[in-house]
Amino acid sequence: MTLLSIDWFFILEKILLISAVLVLSLVVAMYSTWGERKVAAWIQDRLGPNRAGPMGLLQPLADGGKLFFKEEIIPTNSNRFLFILGPSIAMLVACMTSAVIPWGDTLTIAGRTVSLQVADVNIGILFIFGVLSVGVYGIMIGGWASNNKYSLLASVRAASQIISYELPMGLALIALLMLTGTLSLKEIVEQQRHDYWNVVYQPLGFFIFLVTAFAETNRAPFDLPEAENELNGGYHLEYSSMKLGFYLFAEYINMFVSSALMATMYFGGYAFPGMDSLGVSPNLLTILGFLALFVKILVFIFFFMWVRWTVPRFRYDQLMRLGWRVMIPLALANMLITGAIVLFRQH
Amino acid sequence: MVLSVIALVSALGVVLSKNPVTSVLCLIVTFFTIAGHYIMLNAQFLAVVHIIVYAGAIMVLFLYVMMLMNLNAELEPQKRNWLKYAGAISGGALLVVLVAALRDASMPAIGTEANEIGLIKNLGQMLFTQYVVPFEVSSILFLSAMVGAVVIGKKD
């Protein structure tokens, strides 16, 4: 069916896919809050939430409902427009990255081949990087618009932390790019499908990416912008109701997306060992691949939580020293060595 | 078209707004619209790099400084009169030069059809074959800027 020379099925398919990805990341983020409390409880030998529903499974719904019905307070001396813009940007940016992640191979439905990736742009990794670098505005604008010293301090911390850790992250990615020779995430996954996973070739790069991902998502041990014992709470100090909820939620979505990225770039994405010798129909294989990706993501999310409840927070000067004096030289060395090896193997 | 209107309005906002932070935010919007123009010219790489470098890094630092200094209209020192005249005259002179330069320049419109030069592969090949010398020279410029920043930073 072509009407006005537009492929309507194509648009419908993309809209469905975008909604599915959005709902998926929201649900995962919602249940990460539950998971985090359960993991924390398990590590600290407690029970964790167990009142709402079986095993406390309805707890995120109760929390969300509570946040929506709370009174909304906007401080008198704050800039109203920017105050609302802050959490909106945080949420928007958190949801944007998932567009370029390949969630699976192609499905064939009624003769149409549907790719489980919203947009296979040829600058996939750079797109992620761009979105990430914009993410800091949500925190900065919110912290400044609150008109509160503590929020401002926290947002300044966040900005310098994110800028400092973006550099080693970019350098780690450059090494990966030299190895794969492509910026498209889909192609990176396809290469790993027929070869070893990239983590085998890039262990140091993966390690750097992991550490910087912790810093970029403001997770412990790098959660200085939210250090409650020195800043009374952090950049979202003045926020109440669902605007606070959006900030907290954006953090969990970021965690989900960066787990998905690590799984895609270093751990084979939707590819799993023995995938092509399984001998099942392509559609089933795609679904299995998606499940494999999902398991990898959940493992990474668990790792994020595990670290949060194990490692104490850094001091701010330690954080900066780690970023500039350890991470960047390591990433540079990794890049040089990878470049040399790639060049050597070409000749 | 819509993009250009937003670009012009936000660019005017940069100049006209009284509050420096609003001004910086308008500038960020301007950068995003310019990146949008690059994408429409099929230069995706340039667009993304523009966002990463300008909107993502440089403007964050601007915003950072503005927020820390907390400037506002009352705190702004009164400018001397001759400074205003000098500003108006030099601005007008720049306008005259720009108009004169643009009047003689021939600018053919770039077609929207397949124009592959902006894609990363072609761009990289161009940069490292045909334009390798200017590329390396500009990297030396960056290096000298970095050395300069370190020297200034080490002074105190």
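Going along each chain's sequence as written, the residues are numbered from 1 onward. Chain labels run from A onward and ligand labels from 1 onward, assigned in the order the entries are written. Whole-chain, interface and lining totals are the exception, using all residues; otherwise, since this is a predicted model, local features are given only for residues with pLDDT of at least 70 and side-chain atom pairs are given and counted only at 80 or more.

For chain B, an unreviewed UniProt entry supplies the name NADH-quinone oxidoreductase subunit J and the organism Chitinophaga eiseniae. UniProt lists a comment for chain B under the heading Function (unreviewed entry), and it reads "NDH-1 shuttles electrons from NADH, via FMN and iron-sulfur (Fe-S) centers, to quinones in the respiratory chain. Couples the redox reaction to proton translocation (for every two electrons transferred, four hydrogen ions are translocated across the cytoplasmic membrane), and thus conserves the redox energy in a proton gradient." UniProt positions are given in the numbering used here, feature names are shortened, and annotations may be inferred rather than shown by experiment. Regarding chain B, the UniProt comment filed under Sequence similarities (unreviewed entry) reads as follows: "Belongs to the complex I subunit 6 family."

As annotated in an unreviewed UniProt entry, chain A carries the name NADH-quinone oxidoreductase subunit H and comes from Chitinophaga eiseniae.

**A few points about the packing of helix α8 (residues 203-216) of chain A against helix α10 (residues 241-266) of chain A**
All names here are of chain A. For the pair α8 and α10, interaxial distance at closest approach is 11 Å and the crossing angle is 170°. Between α8 and α10, the crossing angle belongs to the class labelled roughly antiparallel. Within the contact between the two elements, α8 uses Phe 206, Phe 209, Leu 210 and Ala 213 and α10 uses Ser 258, Met 262 and Tyr 266. In this classification, the charged set is Asp, Glu, Lys and Arg, the nonpolar set is Ala, Val, Leu, Ile, Met, Phe, Trp, Tyr, Cys and Pro, and all remaining amino acids, among them Gly, are polar. For the contact of α8 with α10, the residue count by class is six nonpolar, one polar and no charged. Helix axes are fitted to C-alpha atoms over the stretch in contact, other axes to C-alpha atoms as well, and angles between N-to-C directions run from 0 to 180 degrees. Put simply, DSSP marks the helices as runs of H or I at least four residues long and the strands as runs of E at least two long, and each gets a number from the N terminus on. Should an angle lie under 35 degrees it is considered roughly parallel, over 145 roughly antiparallel, and from 65 to 115 roughly perpendicular; all remaining angles are considered oblique. A pair of residues counts as a contact when their C-beta atoms, built from backbone coordinates, are separated by no more than 7 Å.

**A look at the environment of Trp 144 of chain A**
Considering the arrangement of structural elements, one finds Trp 144 of chain A in helix α4 (residues 124-145). Distance in space between the C-alpha atoms of Trp 144 of chain A and Ala 263 of chain A is 35 Å, their sequence separation being 119 residues. Once you skip the residues sitting within four places of it in the chain, Trp 144 of chain A turns out to touch Leu 152 and Ser 155 of chain A together with Val 21 and Met 67 of chain B.

**Considerations on the nonpolar core**
Structurally, a nonpolar core is described as a collection of buried Ala, Val, Leu, Ile, Met, Phe, Trp, Tyr and Cys residues joined by way of C-beta atoms within 7 Å. The exposure label follows from counting other C-beta atoms within 10 Å of a residue's C-beta, where the C-beta atoms are placed from the backbone and the thresholds are 20 or more for buried and 12 or fewer for exposed, leaving partly exposed in between. Counting residues in each nonpolar core, the largest one holds 105 residues, and the members touching the most others are Ala 172, Ile 253, Phe 256 and Met 262 of chain A. Dropping the residues within four chain positions of it, Met 262 of chain A is found in contact with Phe 209, Leu 210, Ala 213, Phe 267 and Phe 300 of chain A.

**Points about the interface of chain B and chain A**
The partner chain A presents 17 residues to the 16 residues of chain B that form the contact. With 13 residues, helix α3 (residues 44-69) of chain B is the largest single contributor of residues to the side of chain B that touches chain A. Taken together, the residues of the side of chain B that touches chain A sort by class into 14 nonpolar, two polar and no charged.

**Observations concerning the UniProt feature "transmembrane region" (unreviewed entry) in chain B**
Residues and elements named next belong to chain B. The UniProt record marks residues 41-70, 82-102 and 131-152 with the feature "transmembrane region" (unreviewed entry), using the residue numbering of this structure. End-to-end, the C-alpha atoms of residues 82-102 are 30 Å apart, and along that stretch the chain is 100% helix and 0% strand. Secondary structure across residues 131-152 comprises 95% helix and 0% strand; the distance between its end C-alpha atoms is 32 Å.

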